[in-house]
Amino acid sequence: MKEQIKKFLNEEQDPKAIEKITSKLNDLLMKNEEIGYIGVQKKPALTVFPDSIVMTNKRIIICQPKNLGLSMDFTDYSWDDLEAAFVKENILGSVFSFSTKTDMQISIDYIPKIQARKMYTFAKEQMDLVKTGAIFNNVVAEEIQFESIDSTGEIEEMDTEEVTNFAEIIAVSSANFHPENLSFNEVQENTKDSSLSELSQDALFEKLQNYKKLLDNGLILQGEYDAYKKEILSFM
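Throughout, residues of each chain are indexed from 1 in the direction in which the sequence is written. Whole-chain, interface and lining totals are the exception, using all residues; otherwise, since this is a predicted model, local features are given only for residues with pLDDT of at least 70 and side-chain atom pairs are given and counted only at 80 or more. Calculated side-chain values reflect all of the structure's heavy atoms, with hydrogen atoms and water omitted.

Each helix is a run of H or I in the DSSP string that is no shorter than four residues. Each strand is a run of E no shorter than two, and both are numbered from the N terminus. Considering the arrangement of structural elements, one finds Tyr120 in helix H3 (residues 113–160). When the C-alpha positions of Tyr120 and Ser97 are compared, they lie 8.9 Å apart, and in sequence the two are 23 residues distant. What makes two residues a contact is simply this: any of their non-hydrogen atoms within 4.5 Å. In this view, Tyr120 contacts Ala85, Phe86, Val87 and Phe96; residues no more than four positions away in its chain are not counted.

Laid out in structure tokens, this is it:
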């Protein structure tokens, strides 16, 4: 048995079905795309060509053999397109299904219960990563926008004001200091420290795990992750 398919045979998957699927998927996977889990249909009666569900770090792929196994249909859905995932356990296996943002409902029945649970967990993790990544990107975009506005204002002020007495400027700045004049970054840093200090140990650990998932999926750089990790650990 090939080494690359052994890790997908832990929960009663059909070895022949797994081998056939992985051999065909080698030509379909995108750059940096990795298979995370494969679920294989197991009907009560003998099923020579079962349907399968392949989950990668980028999408979910439905594999349906056709023409007595001589051909196979592949239908994929990006994690960005998924709205929710569901598992319904019956006496004979489970039904794994998911819905898309376009109100499509896709279901595969007779999935062994342990496989259905693993697929549900994997799907939830990937959808959470997508949501976390979207929120993170929005926050970064807002920070860049505010910093750009602040920098433009400072440049205009220097162009229109002639500096003649540095001591006088420093004295006036100190006397007229108000909290509302804090820069965006200073206010943001104080807010961030305050919010982290209010989190429990479990919440801080979960936050660190989320940043690790972002790093693993290429959504943040190693340096950014190290900075977040150092900051969170200082509160644990």
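Next comes the rest of the write-up.
On the surface, Glu125, Asp128, Asp202 and Glu206 cluster together to form a negatively charged patch. For Glu206, the location among the structural elements is in helix H6 (residues 201–216). The residues that make up patches have over 30% relative accessible area and no salt bridge, and they are joined within 9 Å when like-charged or within 5 Å when they are Val, Leu, Ile, Met, Phe, Trp or Tyr. Note on areas: these come from Shrake-Rupley sampling with a 1.4 Å probe, and a residue is covered only by the protein chains present in the view. The salt bridge criterion pairs a side-chain nitrogen of Lys or Arg with a carboxyl oxygen of Asp or Glu, the two atoms within 4 Å. We score Asp and Glu as negative and Lys and Arg as positive, and we do not count His or the chain ends. The atoms used to mark charge sites are NZ of Lys, CZ of Arg, CG of Asp and CD of Glu.

In spatial order, the strands read E5-E6-E7; together these three strands make up an open sheet with antiparallel pairing. Two strands in the sheet have a free side with no partner beyond their single neighbour: strand E5 (82–89) and strand E7 (105–111). Here the strands of the sheet are splayed against their neighbours by 15° on average, with no regard to which way each runs. Only strands joined by at least two bridges in the DSSP assignment are considered to pair. With axes taken as lines fitted to C-alpha atoms, and helix axes fitted only over the stretch in contact, angles between N-to-C directions fall between 0 and 180 degrees.

For any two aromatic rings, the description comes down to two numbers: the centre-to-centre distance and the angle of the planes. In this scheme Phe, Tyr and Trp rings, the latter by its six-membered ring, pair at centre separations within 6.5 Å, and the angle between planes marks the pair as stacked below 30 degrees, edge-to-face above 60, and tilted otherwise. Within this structure, the stated rule accounts for four aromatic pairs. With 6.2 Å between their ring centres and 55° between their planes, Trp79 and Phe122 make a pair best called tilted. Here Trp79 is found in the loop between strand E4 (71–78) and E5, whereas its partner Phe122 is found in helix H3, with 43 residues between them in sequence. The same class applies to Trp79 as to Phe122, namely buried. Note on Tyr211 and Tyr228: the rings are 4.3 Å apart at their centroids and 5° apart in plane angle, and the pair reads as stacked. Note on exposure labels: buried denotes an accessible area under 20% of the residue type's maximum, exposed denotes more than 50%, and partly exposed covers the range between, all computed with a 1.4 Å probe on protein chains only.

On to the nonpolar core, then. Grouped together as the largest cluster of nonpolar side chains are 19 residues, with contacts concentrated most on Ile53, Met55, Ile60, Trp79, Phe96 and Phe98. Here the element with the most residues in this core is H3; it accounts for five residues. As used here, the term nonpolar core means buried Ala, Val, Leu, Ile, Met, Phe, Trp, Tyr and Cys residues forming a set that is joined through side-chain atoms within 4.5 Å. Among the nonpolar cores identified, the runner-up in size contains 11 residues, and Ile21, Leu25, Ile38 and Val40 belong to it.

It is worth spelling out the pairing of strand E1 (residues 35–40) at this point. Taking burial as the measure, the six residues of E1 include five buried ones, the bulk of the element. Where E1 lies against strand E2 (residues 52–56), five bridges are found, and the strand directions are antiparallel. Residue pairing for E2: Val40 is matched across the bridge by Ser52.

With that settled, the discussion passes to the confidence of the model for the protein. Residue-level confidence of the predictor, termed pLDDT, takes values from 0 up to 100. Averaged over the protein, the pLDDT score is 76; the fraction of residues at 70 or greater is 70%. Mean pLDDT values for the elements of the protein range from 43 in helix H4 (residues 166–175) up to 94 in strand E6 (residues 94–100). Below a pLDDT of 50 lies the segment residues 162–177, which in the model reaches three contacts outside its immediate sequence neighbourhood of four places, other chains included. For residues 179–188, every residue scores under 50 in pLDDT, and the model assigns this stretch nine contacts once sequence neighbours within four places are set aside.

Attention now goes to H6. By definition here, a helix of n residues has an expected span of 1.5 Å times n minus one. Taking 1.5 Å per residue, 16 residues should reach 22 Å; H6 reaches 23 Å between its end C-alpha atoms and fits that length. Taken together, the buried positions of H6 are Leu204, Leu208, Tyr211, Leu214 and Leu215. Down the axis of H6, the buried set is contained in an arc of 115°. They therefore lie on one face. Opposite the packed face of H6, turned more than 90 degrees from it, sit the exposed residues Asp202 and Asp216. To obtain the arc, one takes the directions from the helix axis to the C-beta atoms.

This next bit is on helix H7 (residues 222–233). With 12 residues, H7 should cover 16 Å at 1.5 Å per step; its first-to-last C-alpha distance of 16 Å lies within 8% of that length. Looking at H7, one finds that the buried residues are Tyr225, Tyr228, Glu231 and Ile232. What you see down the axis of H7 is that its buried residues fit within an arc of 130°, all on one side. Those residues of H7 that are exposed and angled more than 90 degrees off the buried face are Gly223 and Lys230.

Moving on, we get to the pattern of salt bridges. A side chain of one charge can pair with a side chain of the opposite charge if their charged atoms are brought near each other. For the structure on display, the rule yields four salt bridges. The salt bridge involving Glu33 is made with Arg59; its shortest N-O contact spans 2.7 Å. Placement of Glu33 in the loop between helix H2 (15–25) and E1 and of Arg59 in strand E3 (residues 59–66) is noted, with a sequence separation of 26 residues between them. For Glu89, the salt bridge identified is with Arg117, shortest N-O distance 2.6 Å. Pair noted here: Glu89 is in strand E5 and Arg117 is in helix H3, with a separation of 28 residues, a long-range link. Overall, the relative accessible area of 40% leaves Glu89 in the partly exposed class. Of the residues examined, Arg117 reaches a relative accessible area of 45% and is grouped as partly exposed. One connected set of salt bridges, linked through shared partners, spans Glu33, Arg59 and Asp76.

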